[in-house]
Amino acid sequence: MAATPRGTSPVPPDVRPRLTVLSGPSGVGKSTVVAHMRKEHPEVWLSVSATTRKPRPGEKHGVHYFFVTDDEMDKLIANGELLEWAEFAGNRYGTPRAAVQERLEAGEPVLLEIDLQGARLVRESMPEAQLVFLAPPSWEELVRRLTGRGTEPPEVIERRLEAAKIELAAEPEFDTTLVNTSVEDVARELLALTNVV
Ligand SMILES: Nc1nc2c(ncn2[C@@H]2O[C@H](COP(=O)(O)OP(=O)(O)O)[C@@H](O)[C@H]2O)c(=O)[nH]1
Ligand SMILES: Nc1ncnc2c1ncn2[C@@H]1O[C@H](COP(=O)(O)OP(=O)(O)O)[C@@H](O)[C@H]1O
């Protein structure tokens, strides 16, 4: 049998495109890493979630999130418009189903940035999904980042740190762990995992 020259071996058709889920505790750097990756590779498509959380300064409707009321979220859920949804630290968050399906049907990779509960739901409904966990270099550094971001009052930070303990304990459920020491390094590794280039 003729050997396939190195570097030109065909990629099996079932390997791409795929759905990648990025999860990790609040403040670990998920948004920072994804923004860095997409600045250089805008072709990476990131699902925009719906949330009942209030916008932070600078966050734009339709770009960072679709900011919805409780009633609107109720309707999205009742109408089956969300691929998954979860309550996190007092707010609800969900992934609009149609946009994700369109991308996958068009043969394009999809990236979701969602919490642990959402990651578990995606794994159940789409076992082929790849689950990536973003971990902090240390607990102290996670606290520093979440506090230093300055976007949440102390009681919300406390709630998020409680959730973080549960999330960190679930790391073994994920296919891959990336430790967010260097944003550049993690962005490069995530790009490779999403199979876009
Ligand atoms: N299950 C689920 N979680 C989401 C979704 N969108 C965002 N999240 C997660 O909700 C959590 C809180 O998000 P956010 O309030 O933006 O805070 P941040 O991640 O600390 O910037 C994070 O773990 C997000 O990854 C979604 O559509 N579904
Ligand atoms: N590798 C890193 N080193 C130092 N600070 C970081 C790093 N990644 C993110 N940060 C900072 O940590 C804070 C939380 O990052 P963010 O992307 O908002 O986290 P998440 O989206 O996971 O909640 C931000 O202030 C961000 O600038």
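Everything numeric here is computed off the predicted structure, so don't read it as measured data. (Residues numbered from 1 in each chain as written. Chains lettered and ligands numbered in written order. Predicted model: local features only at pLDDT ≥ 70, side-chain atom pairs only at ≥ 80, totals over all residues. Heavy atoms only, no water.)

Aromatic ring pairs: the centre-centre distance and the angle between the two ring planes describe each pair. If you walk through the whole model with that rule in mind, you get four aromatic pairs. Between Phe88 and Tyr93, the ring centres sit 6.3 Å apart and the planes meet at 75°, which makes this aromatic pair edge-to-face. For the pair shown, Phe88 and Tyr93 are each scored as buried. In this structure an aromatic cluster arises from ring pairing among Tyr65, Phe67, Phe88 and Tyr93. (Phe/Tyr/Trp six-rings, centres within 6.5 Å; stacked < 30°, edge-to-face > 60°. Buried < 20%, exposed > 50% of the residue type's maximum accessible area, 1.4 Å probe, protein only.)

This brings us to the side chain of Asp115. By the element assignment, Asp115 lies in the loop between β6 (110-113) and α4 (116-125). Reaching out from Asp115, the side chain makes a polar contact with the backbone nitrogen of Gly118 at a distance of 2.9 Å. With residues up to four places along the chain from it excluded, the contact list for Asp115 reads Ser23, Ala86, Phe88 and Glu167. (Helix = DSSP H or I, 4+ residues; strand = E, 2+ residues; numbered from the N terminus. Polar contact = N/O pair within 3.5 Å; in protein donor to acceptor, adjacent residues only side chain to side chain. Contact = heavy atoms within 4.5 Å.)

On to the UniProt feature "binding site: ATP" (unreviewed entry) in the chain. Residues annotated by UniProt as "binding site: ATP" (unreviewed entry) correspond here to Gly24, Pro25, Ser26, Gly27, Val28, Gly29, Lys30 and Ser31. None of the other annotated residues line the largest pocket; only Gly24, Pro25, Ser26, Gly27, Val28, Gly29, Lys30 and Ser31 do. One can find Ser26 in the loop between β1 (19-23) and α1 (30-40). Residue classification places Ser26 among the buried positions, given a relative accessible area of 6%. Residues in contact with Ser26, not counting those within four places in the same chain, are Phe88, Leu142, Leu146, Arg149, Arg160 and Glu167. Within the structure, Ser26 has its side chain in polar contact with the side chain of Arg160 (distance 2.8 Å). Topologically, Gly27 is positioned in the loop between β1 and α1. In this structure, Gly27 is in contact with Leu142, Arg145, Leu146 and Arg149, ignoring residues within four places of it in sequence. (UniProt positions renumbered as here; feature names shortened; annotations may be inferred. 1 Å grid on protein atoms, 1.4 Å probe; cavity = no way out; pocket = protein on both sides within 12 Å on 5 of 7 lines; lining within 4 Å.)

It is generally the case that most residues other than glycine have a negative phi and that most peptide bonds are trans. In this structure, Ala89 takes a positive phi of about 45° despite not being glycine. With respect to the helices, strands and loops of the structure, Ala89 is situated in the loop between β4 (82-88) and β5 (91-96).

Here the focus is the layout of surface pockets. One number sums up the size of the largest pocket: a volume of about 940 Å³. Lining the largest pocket are 37 residues, with Lys30, Ser31, Arg56, Tyr65 and Glu113 sitting closest to its centre. Sorting the residues of the lining of the largest pocket by element identifies α1, β4, β5, α5 (139-149) and α6 (154-169) as the ones contributing at least two each. The dominant element in the lining of the largest pocket, judged by the number of residues it contributes, is α1, at seven residues. (Points joined across faces, edges and corners; volume = space filled by probe spheres on them.)

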